[in-house]
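Observations on the model geometry
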Amino acid sequence: MPDFSHILLLADFDRTLTGPDSRVPARNAAAIERFMACGGAFTVATGRSAPMFRARTPEIPYNTPLILYNGGATYDYRTETLADAVWIPEGRALLEYLAREFPDLHLEVQGKDYHYLIGDEPMRDAFYRRADTATAHVTVETMPYPILKASLLGTFFDDSVPQFFTRVPPEENARFDFAAAKIAADWPELVVDRAAPRIIDVQAPGVSKGAMARRVAKKLGRELICVGDARNDLSMLLEADRAFAPADCETAVREAGIPLVCPCGEGAVADVIDLLERESR
């Protein structure tokens, strides 16, 4: 039996641990169980918040607190503990700016207990109902501060997650290119990230999946192995001691020279664990 007690394996969620249909392939779940049974530490690093990820946790075997909010905090659902949180300075001024400059985009704040939604959009409400995410409608003035992550989202065509990756009208893509560049220029100290073609996340200085992944690995005293598919995964892929990406990853990840495994829908995380098992023989 292999000994993985020296390894922290960390996987992105959407289109890495899950397939394009947002489901976790059974092959991944079975491989993760084997990995943990051999002493491995496994967790997920995702841009999702604690309230949004709660409904997905029964599908995922894990034994280490999850890295949520794109590395803005860790969360342990077993004890309902938010830890390592990095708060945005001047959170209210940031929300006032985002609401003023981008009134055509959907503004929200991802908190510990709720997604705080600013403005009305019935399809957005349906999206979060389907995702079983607790929400609260607020204004910039009534928003509870401080905040971990502010997000701008595009048109809600339906109530599914894949729409933000596959339904990208050229005019919205151009709008998000402009918005991301403007926010980065106006708020250079903050982290501005395209979590998906039609989602922009804004977070505190220094926040990244990579920084939090290394912090967790250092706490555990383990080698860091990461798997991810998107631009917002590059920080952890480049920070990792070893990194892998699904064959259907984004171009930016492929161009970074990250070694490829099978496509996400076929069990990319299982492919990595299979490789580790073969190497241990």
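Quick summary incoming for the structure in this document. (Residues numbered from 1 in each chain as written. Predicted model: local features only at pLDDT ≥ 70, side-chain atom pairs only at ≥ 80, totals over all residues. Heavy atoms only, no water.)

1. Some remarks on the sheet that holds strand S11 (residues 199–203)
What holds strands together in a sheet is hydrogen bonding between their backbones, with the strands either parallel or antiparallel. Under the convention used in this document: When DSSP finds at least two bridges between two strands, those strands are taken to pair. Starting at the N terminus, helices and strands are each numbered in turn, a helix being any DSSP run of H or I of at least four residues and a strand any DSSP run of E of at least two. The angle between two axes is taken between their N-to-C directions and runs from 0 to 180 degrees, where each axis is a line fitted to C-alpha atoms and a helix contributes only its stretch in contact. Note on contacts: a residue pair is in contact if any heavy atoms of the two residues lie within 4.5 Å.
With mixed pairing, six strands are arranged side by side in an open sheet as S8-S7-S6-S9-S11-S10. Every interior strand has two partners, whereas the edge strands, strand S8 (135–138) and strand S10 (191–196), have only one. Looking at each pair of strands side by side, their axes are set apart by 25 degrees on average, direction ignored. Bridge analysis of strand S7 (residues 115–118) against S8 gives four bridges, and the strand direction is parallel. Looking across to S8, one finds that Leu117 is bridged to His137. Across the sheet, helix H5 (residues 122–130) touches strand S6 (106–110), S7, S8 and strand S9 (149–153), and the angle it forms with S7 is around 170 degrees.

2. Examining the side chain of Thr64
Condition: The buried label applies to any residue whose accessible area, calculated with a 1.4 Å probe on protein chains only, is under 20% of its type's maximum; exposed applies above 50%, and partly exposed to all values in between. Each polar contact in these results corresponds to two N or O atoms within 3.5 Å; when the atoms are within protein, one needs to be able to donate a hydrogen and the other to accept it, and residues that are neighboring in sequence are counted only if both atoms are side-chain atoms.
Tracing the backbone shows Thr64 in the loop between helix H3 (50–53) and strand S3 (66–68). A relative accessible area of 5% means that Thr64 is categorised as buried. Side-chain polar atoms of Thr64 contact the side chain of Asn63, separated by 3.3 Å. The residues contacting Thr64, other than those within four sequence positions of it, are Ala41, Phe42, Thr43, Arg78, Val216 and Leu220.

3. Some words on the pattern of salt bridges
What counts is decided by this rule: Salt bridges are defined as contacts in which a side-chain nitrogen from Lys or Arg sits within 4 Å of a carboxyl oxygen from Asp or Glu.
On inspection of all chains with the given rule, the structure shows 25 salt bridges. Residue Asp271 is joined to Arg27 by a salt bridge in which the shortest nitrogen-to-oxygen separation is 2.7 Å. Placement of Asp271 in helix H11 (residues 268–279) and of Arg27 in helix H2 (residues 26–37) is noted, with a sequence separation of 244 residues between them. On the accessibility criterion, Asp271 (21% relative accessible area) is partly exposed. A network of salt bridges, in which partner residues are shared, links Arg27, Arg34, Asp271, Asp274 and Glu277.

Keep in mind these numbers describe shape, not what the thing actually does.
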